[in-house]
Amino acid sequence: MTDTELLTQEQDLRGVQMLGLQLPTDPRWVNLAEMDLEEILTDHAYCEQKAATACISLIQQYPDKTEMVKSIAPIVTEEWGHFRAVLAEMEKRGLQLGRQRKDEYVNELLKFQKKGGSREDALLEKLLVCALIEARSCERFRLLSLYISDPALRDFYHRFMVSEAGHYRLFIDLAKAYSGEEKVKSRWQEYLAREAEIMQELELRGDRMH
Ligand SMILES: [Fe+2]
Ligand SMILES: [Fe+2]
């Protein structure tokens, strides 16, 4: 391994550690993803759409959490803007938005949510799942922004990376505001451990963002 490769690997590891994630994405993923841009952009488009929907649901389910409503209302607009940015990129490249696919990664995370607790407990579970999806998306956008061969796409993905990093922080901060630092810390560790398992269990696919 050359010094540059070694350095790059160290940087990737730092990127993951900054987000708290336990497992870095397999470096072969970027190569797989760029083999079929129509597929990865389609999946990405629906991820953005689902992110907007998740924020709308939180507002509908917890209208009484005034601070949360105030801080995530603009995120709905931002995520919808991301969806439109992906659509525009596809159009520019003459690519067609495909159908929505089963999201195994998100489904597995949802299965891990604790059921049957209080309304507050359910909110914590939802916020942590949102935070985790943002963190993993951010890690993957970072890889695309560094290693995809098309320079225009590197810039494109860099903007998503920055934005999703902010969302990750916001969801964690909201969780702490409503459930307290200690509770968030310990449950977050459980989520991180489960997320690493899910990443290992799922097949590495270039047509999926996660
Ligand atoms: Fe987004
Ligand atoms: Fe986001």
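Since the model is a prediction, treat every value here as computed from it, not as a measurement. Every chain's residues receive numbers from 1 upward, in the order its sequence appears when written. Written order determines the labels here, with chains lettered from A and ligands numbered from 1. Thresholds applied to this predicted model are a pLDDT of at least 70 for local features of residues and 80 or more for the giving and counting of side-chain atom pairs; totals over whole chains, interfaces and linings are not thresholded and use all residues.

**Side note on the nonpolar core**
How we decide: Throughout this description, the term nonpolar core refers to a group of buried Ala, Val, Leu, Ile, Met, Phe, Trp, Tyr and Cys residues whose C-beta atoms join them within 7 Å. Backbone-placed C-beta atoms define the burial measure: a residue is buried with 20 or more other C-beta atoms within 10 Å of its own, exposed with 12 or fewer, and partly exposed in between. A run of DSSP states H or I qualifies as a helix once it reaches four residues; a run of E qualifies as a strand once it reaches two. Both are numbered from the N-terminal end. Placing C-beta atoms from the backbone, we regard two residues as in contact once those atoms come within 7 Å.
Counting 40 residues, the largest nonpolar core has Leu127, Ala131, Tyr168, Phe171 and Ala175 as the members making the most contacts within it. Counting only elements with at least two residues in this core, the list comes to helix 2 (28-35), helix 3 (37-61), helix 4 (66-92), helix 5 (104-112), helix 6 (119-147), helix 7 (151-179) and helix 8 (181-201). Those residues in contact with Phe171 that lie beyond four places of it in its chain are Leu127, Cys130, Ala131 and Glu134.

**Points about the environment of Glu164**
By the secondary structure assignment, Glu164 is in helix 7. Ignoring sequence-local partners within four residues, the contact set of Glu164 consists of Glu134, Ser137, Cys138 and Phe141.

**Details of the packing of helix 5 against helix 8**
Keep this limit in mind: For helices, the fitted line uses only the C-alpha atoms of the stretch in contact; every axis is such a line through C-alpha atoms, and the angle between N-to-C directions lies from 0 to 180 degrees. Should the near helix be turned anticlockwise from the far one by less than a right angle, the crossing is termed left-handed; should it be turned clockwise, right-handed. Ten residue types, Ala, Val, Leu, Ile, Met, Phe, Trp, Tyr, Cys and Pro, are classed as nonpolar, four, Asp, Glu, Lys and Arg, as charged, and the remainder, Gly among them, as polar.
Where helix 5 contacts helix 8, the axes come no closer than 10 Å and their chain directions differ by 145°. In this structure, the crossing between helix 5 and helix 8 has a hand that is right-handed. Every residue of helix 8 that contacts helix 5 at Tyr105, Glu108, Leu109 and Phe112 is listed here: Tyr191, Arg194, Glu195 and Ile198. Taken together, the residues that form the contact of helix 5 with helix 8 break down as five nonpolar, no polar and three charged.

**Side note on the environment of Leu109**
The topology assignment puts Leu109 in helix 5. The spacing of Leu109 and Ile133 is 24 residues in sequence and 8.9 Å in space, taken between C-alpha atoms. What Leu109 contacts, discounting residues up to four positions off in sequence, is Val129, Leu132, Glu195 and Ile198.

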